[in-house]
Amino acid sequence: MKFSATVTLQYDTIFSSFSHEDWLKGLDWMKENGLDGAELCISNYNGLDIAKVKAELDKRGLGCSTLSTGQARALEGLSLIGVPADVRERTQKRFKEHIDAAQILGSKVTIGLMRGLGTQETAEADLKELSEAMKPLIEYADQKGVTLLLEAINRYETALLNSAEATLAFIKDGLGNPGCVRILWDLFHANIEDIRFSRSIRCMGEKLGHVHIADSNRMFPGYGHTDFAAVLKDVKESGFSDYCSFECLNLPSLETVLGETGAWVSRMRAL
Ligand code: LER
Ligand code: MN
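Residues numbered from 1 in each chain as written. Chains lettered and ligands numbered in written order. Predicted model: local features only at pLDDT ≥ 70, side-chain atom pairs only at ≥ 80, totals over all residues. Heavy atoms only, no water.

> Whenever I open this one, the coordination of the manganese ion (ligand 2) confuses me. Can you help?
When four donors bind a metal tetrahedrally, each ideal donor-metal-donor angle is 109.5 degrees, and when six bind octahedrally, the ideal angles are 90 or 180 degrees. All of the protein donors around the manganese ion (ligand 2) are E151 (OE), D186 (OD), H212 (ND1) and E247 (OE); their distances to the metal are 2.1 to 2.3 Å. Taken together, the six donor atoms coordinating the manganese ion (ligand 2) and their angles of 70 to 174° define a geometry best described as octahedral. Within one chain, the residues donating to the manganese ion (ligand 2) are spaced in sequence as E-x34-D-x25-H-x34-E. Of this pair, D186 sits in strand 6 (residues 181-186) while E247 sits in the loop between strand 8 (243-246) and helix 10 (254-269), and the two are 61 residues apart along the sequence. Classification of E247 as buried rests on a relative accessible area of 7%. (Donors = N, O, S within 2.8 Å, 3.2 Å for Na, K, Ca; no water. Tetrahedral: all angles 85-135°; square planar, octahedral: opposite > 155°, others 65-115°. Helix = DSSP H or I, 4+ residues; strand = E, 2+ residues; numbered from the N terminus. Buried < 20%, exposed > 50% of the residue type's maximum accessible area, 1.4 Å probe, protein only.)

> Help me understand the site of ligand 1 in this model?
As a matter of local geometry, ligand 1 sits amid L113, E151, E157, D186, H189, H212, R218 and E247. Contact distances for ligand 1 include 3.1 Å between an oxygen atom and a side-chain N or O atom of D186. H189 places a side-chain nitrogen or oxygen 2.8 Å from an oxygen atom of ligand 1. The fraction of the free accessible surface of ligand 1 (260 Å²) that becomes covered by protein chains is 82%. (Near = heavy atom within 4 Å. Polar contact = N/O pair within 3.5 Å; in protein donor to acceptor, adjacent residues only side chain to side chain. Areas by Shrake-Rupley, 256 points an atom, 1.4 Å probe, with all protein chains shown as cover.)

> How should I be thinking about the pattern of salt bridges in this particular structure?
Should the charged atoms of two oppositely charged side chains come close, the side chains can pair. Following the criterion strictly, the structure yields 17 salt bridges and no others. Where E56 meets K59, a salt bridge forms, and the shortest distance between an N and an O atom there is 3.2 Å. Of this pair, E56 and K59 both sit in helix 2 (residues 50-59), separated by three residues, roughly a single helical turn. On the basis of relative accessibility, which here comes to 10%, the residue E56 falls in the buried class. Classification of K59 as exposed rests on a relative accessible area of 62%. Across the pair E56 and R60 runs a salt bridge whose closest N-O atoms are separated by 2.9 Å. The burial state of E56 is the same as that of R60; both residues are buried. Here the salt bridges share partners, and the residues they tie into one network are D28, E56, K59 and R60. (Salt bridge = Lys/Arg side-chain N within 4 Å of Asp/Glu carboxyl O.)

> How should the nonpolar core be read in this particular structure?
The tendency in soluble globular proteins is for nonpolar side chains to be buried side by side. If you look at the biggest cluster of nonpolar residues, it comprises 76 residues, and the most contacted ones within it are F3, L40, L67, W185 and W264. In terms of residue count, the dominant contributor to this core is helix 5 (residues 123-144) (seven residues). If we skip the residues at most four places from it in the chain, F3 touches L35, D36, G37, I213, L232, Y243, C244, W264, V265, M268 and R269. (Core = buried A, V, L, I, M, F, W, Y, C linked by side-chain atoms within 4.5 Å. Contact = heavy atoms within 4.5 Å.)

What follows is the structure, encoded as structure tokens:
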């Protein structure tokens, strides 16, 4: 099992302990605290030199776990569903740019809120639309050997794919179970939506591709009520050896996150 944390390259995010200007300091901190890689938050590729980003990761012996892509939904209105054809095409183009970058970085690509939000009333049609919009992305990712991560996100943020089981059902029945699509399981969302963590782990099996770590209240692990030792032991025993990535708020404080990450990761590795 590997560990990473979010670092953002262009726009600040509540999920990183570093501003975008300080992304290199963020990488230094990750290295110093025994993380294996960085989850990179990228909004667009205007003036972004991916070869340079890769060189900075390599210099520190860090990998890249996945590309976090959702900023462009809020900043540019990009979405795969519920938008005019030209916006959907721009969104597909952006995801293809992410896939190109992921191939260079050896990472995966997250499809989170930039898939579109849908509504409960139109969910069936929304998922059909999503399946169609994802087809060219799946074909492209498959050619490039890149994994797409569909994130299960709670009902207060989107009407679609809220639980691990709903996301798994969509991958199998809605997409035809392509090998290059797996699940991003975020423990904050799972705490709201899933029946039991152990049941989700068993259901997802090898379709689990990436884990987001945050406590039940989205604070740093240990400051809510999730039993991380039990969950991560279960995840490890299921055969998962990929990334668990911090995506918690800087709570209860920035100092806690910066000061406790290294020791927490060591404890989790020893499970
Ligand atoms: C992104 O990974 C996520 O978990 C969403 O809640 C962001 O809004
Ligand atoms: Mn997440």
